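# Structure at a glance
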Amino acid sequence: MTAASGALTEAALALTAEWCAIPSVRGDERSLARQAAALTDWLSRDLGAEIVSARPSRGRAPVVHARIDTGAATSVVLYNMYDVMPASEEGWQAPPFAGGIVDLEGIGPSFVARGAENNKGPLAGMLTVLKDLAERGDLGVNVEIVVEGEEESGSGALRDYLAEPDCPVRPSLGGLFPSFCEYGGGPPRLTLGFSGIAKGRIGVEGGEWGGPSAAIHSSNAPWIANPASRLVAALSRFGQSPTGRLAEIALDAEAGEIVAELAKSFDPMAELAFRKTRRYAIDGDAETLLRHVLSTASATISSLATEPAAGDAVIPASAHAGFDLRCPPGLDPADFVAAYRAALAQDGLDGVTIDLADSYPGHRFPRQSAGVEALLAAYAETSRPPQIWPWAIGAAPAYAFAPHTRSFLIGGAGRGGNAHGVDEFLTLEGYPRFLRSVEAWLTAMGRMGDGDG
């Protein structure tokens, strides 16, 4: 395995620590603006990139679009994010918005901070690699750099930007979302696409349909309807099974072959540990489990609450549930939301509202594309043979990049962990390999370019 130099790693870690100290938490407009400004200044001053756009849109965190034009025949897209999830200092071994080196049990020396893994460590690393290649004259591609501040809240501004008829992102041979993809310390993953998602809230407010306008004593149950009970009735139509299974697709020949090959190295028990659970909701061997999770559209209730939040012998004034609805490429989550609305209307469940916060479809890219081959080459140099997935079970707006690039992949050597949780980290052993994997991908893309993109 090869890795980046000590000097390059130190520079990337220093930039990571500098940016993790900015608490650019999801929805915090002031801190997001501060991080966007720091990013834009660095891109212009330190990298010498052209700033194509860095304007906020309708009060949302800006999409920062920068460009390095080397005059090469080939262009690529590098994407990343600068928003992070909230964090309090409770339970952390280093302050989350200052960070520090911690020897994590069972993992080893690591940089711990909010954003270390998701995704300021990879962001700082990819840009440090670009700067090093440009200064050495070894950057053999043009680079479209696209960084957003709304990934943790749906990527709305990014999707709008990429969908503009005159979007200035240049056509590219491939796109990469650099991240630490040695999940749980296992082999790296290469996913050829992403699932789609719809997320929002199902609510019931007391009012004209028979519920109370304010919480009242439960002795009124014979003649005053309960919003929580009506929510339960509505949720019984949502998902239709203990696992929330809605529908499934048939895997095509390419996807079927990829899954069959993946099953040979997939360890279901290791995946349980990675997913922090003890058992699966279904039985089957590795291939059965993989086929099920990759082909299934599912609905998940992520939260349940009433107002007031708790009380004995009370009919609450309102009740609501948060939901996520995920679909493999080929199924649109918006269709299931529409069908759910129709089912509620047919059953006469008036008073139930669905507030859709976000929705977009999944998308996949061909196995035989230059970006895929370049990432395989990067892993061969820096890590172990990867697990290839036809698409990720997680969602990302890959469809929005499809008009601009022939592939859009998440990839990179190295290990991080605890994203969204306490002691979020990147390992000091893996970070130099991550940096080298990004460099290797860029170098391979330069060799594979055919002048079209």
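Structural notes, computed from the coordinates. (Residues numbered from 1 in each chain as written. Predicted model: local features only at pLDDT ≥ 70, side-chain atom pairs only at ≥ 80, totals over all residues. Heavy atoms only, no water.)

Quick look at the overall build of the chain now. In terms of helices and strands, the chain carries 12 helices and 21 strands. Taken against the 2.2 N^0.38 rule, which gives 22 Å for 453 residues, the C-alpha radius of gyration of the chain at 23 Å falls within 12% of a compact globule. In terms of principal-axis extent, the alpha carbons of the chain reach across some 80 × 50 × 50 Å. Residues counted as buried form 52% of the 453 residues belonging to the chain. Looking at the chain alone, contacts between residues at least 24 apart form 79% of all its contacts between residues at least 6 apart. (Helix = DSSP H or I, 4+ residues; strand = E, 2+ residues; numbered from the N terminus. Rg over C-alpha atoms; globule rule 2.2 N^0.38 Å. Buried < 20%, exposed > 50% of the residue type's maximum accessible area, 1.4 Å probe, protein only. Contact = heavy atoms within 4.5 Å.)

At their nearest, the axes of helix α6 (residues 253-265) and helix α8 (residues 286-295) sit 9 Å apart, and the two run at 135° to each other. What the angle tells us is that α6 and α8 run oblique. Regarding α6 and α8, the two cross each other, and that crossing is right-handed. The residues of α8 that touch α6, namely those facing G256, V259, A260, L262 and A263, are A286, E287, L290, R291 and L294. (Axes fitted to C-alpha atoms, helices over the stretch in contact; angles between N-to-C directions. Parallel < 35°, antiparallel > 145°, perpendicular 65-115°, else oblique. Left-handed = near helix turned anticlockwise from the far one by under 90°.)

Ordered by their spatial adjacency, 6 strands build an open sheet running β1-β2-β6-β3-β7-β19, and the pairing between neighbours is mixed. In the strand order of this sheet, the two ends are held by β1 (50-53) and β19 (408-411), each with one partner. Ignoring strand direction, the axes of neighbouring strands in this sheet form an average angle of 25°. Pairing of strand β7 (residues 174-178) with β19 involves 4 bridges; the strand directions are parallel. Within β19, the position partnered with P178 by the bridge is G411. Contacting β2 (64-68), β3 (75-81), β6 (142-148) and β7, helix α3 (residues 120-136) crosses the sheet at an angle of about 150° to β3. (Pairing = 2+ DSSP bridges.)

This part takes up α3. The first and last C-alpha atoms of α3 sit 24 Å apart over 17 residues, in line with the 24 Å expected at 1.5 Å per residue. Across the 17 residues of α3, 12 count as buried, placing the element largely inside the fold. For α3, the full list of buried residues reads K120, G121, P122, L123, A124, G125, M126, L127, T128, V129, L130 and L133. Backbone geometry just after α3 places G137 at a positive phi near 75°. (Expected span 1.5 Å × (residues − 1).)

This model, assessed by the stated rule, comprises 22 salt bridges. The salt bridge involving K131 is made with E135; its shortest N-O contact spans 2.7 Å. Note that K131 and E135 are positioned in helix α3 at a spacing of 4 residues, about one turn of the helix. Of the charged contacts in the structure, one is a salt bridge between R291 and E287, with a shortest N-O distance of 3.2 Å. In this pair, R291 and E287 both sit in helix α8, 4 residues apart, roughly one turn of the helix. Residue classification places E287 among the partly exposed positions, given a relative accessible area of 27%. A cluster of three or more residues bridged by salt bridges with shared partners is formed by D132, R136, D138, E381, R436 and E439. (Salt bridge = Lys/Arg side-chain N within 4 Å of Asp/Glu carboxyl O.)

Leaving glycine out, the prevailing phi sign among residues is negative, and the prevailing peptide bond configuration is trans. N118 connects to N119 through a cis peptide bond whose omega is 0°. Mapping N119 onto the fold places it in the loop between β5 (108-112) and α3. The residue after E307, namely P308, is reached through a cis peptide bond having omega 0°. Topologically, P308 is positioned in the loop between β12 (296-307) and β13 (314-315).

The next thing to look at is the nonpolar core. Across soluble globular proteins, nonpolar side chains show a tendency to be buried alongside one another. In terms of nonpolar packing, the biggest core is built from 84 residues, with L127, L130, I145, W441 and L442 touching the most fellow members. Looking at which element gives the most residues to this core, the answer is helix α12 (residues 431-448), with 9 residues. The contact partners of W441, leaving out residues within four places of it in the chain, are V76, V77, L78, G174, G175, L176, G371, A374, L375 and A378. With 35 residues, the next largest nonpolar core counts A198, L231, A286 and A319 among its residues. (Core = buried A, V, L, I, M, F, W, Y, C linked by side-chain atoms within 4.5 Å.)

A word on the packing of aromatic side chains. Considering all chains together, one arrives at 13 aromatic pairs under this definition. Centroid distance F194 to F408: 6.2 Å. Interplanar angle 45°. Geometry classified as tilted. One end of the pair, F194, is in strand β9 (residues 193-205); the other, F408, is in strand β19, with 214 residues separating them in the sequence. Note on F194: relative accessible area 5%, which makes it buried. Taken together through their ring pairs, the aromatic side chains of Y79, F177, F194, F401 and F408 make up a single cluster. (Phe/Tyr/Trp six-rings, centres within 6.5 Å; stacked < 30°, edge-to-face > 60°.)

Among the 5 residues in β2, 5 count as buried, and that is most of the element. Going residue by residue along β2, you find V64, A66 and I68 tucked away on one face and H65 and R67 tucked away on the opposite face as well. Here β1 runs beside β2; their pairing, made up of 3 bridges, is antiparallel. From the neighbouring strand, E50 faces β2, where its bridge partner is R67. Two strands pair when backbone bridges link them, and β2 and β6 are joined in this way by 5 bridges, in the antiparallel orientation. Note that in β6 the partner of H65 across the bridge is V146.

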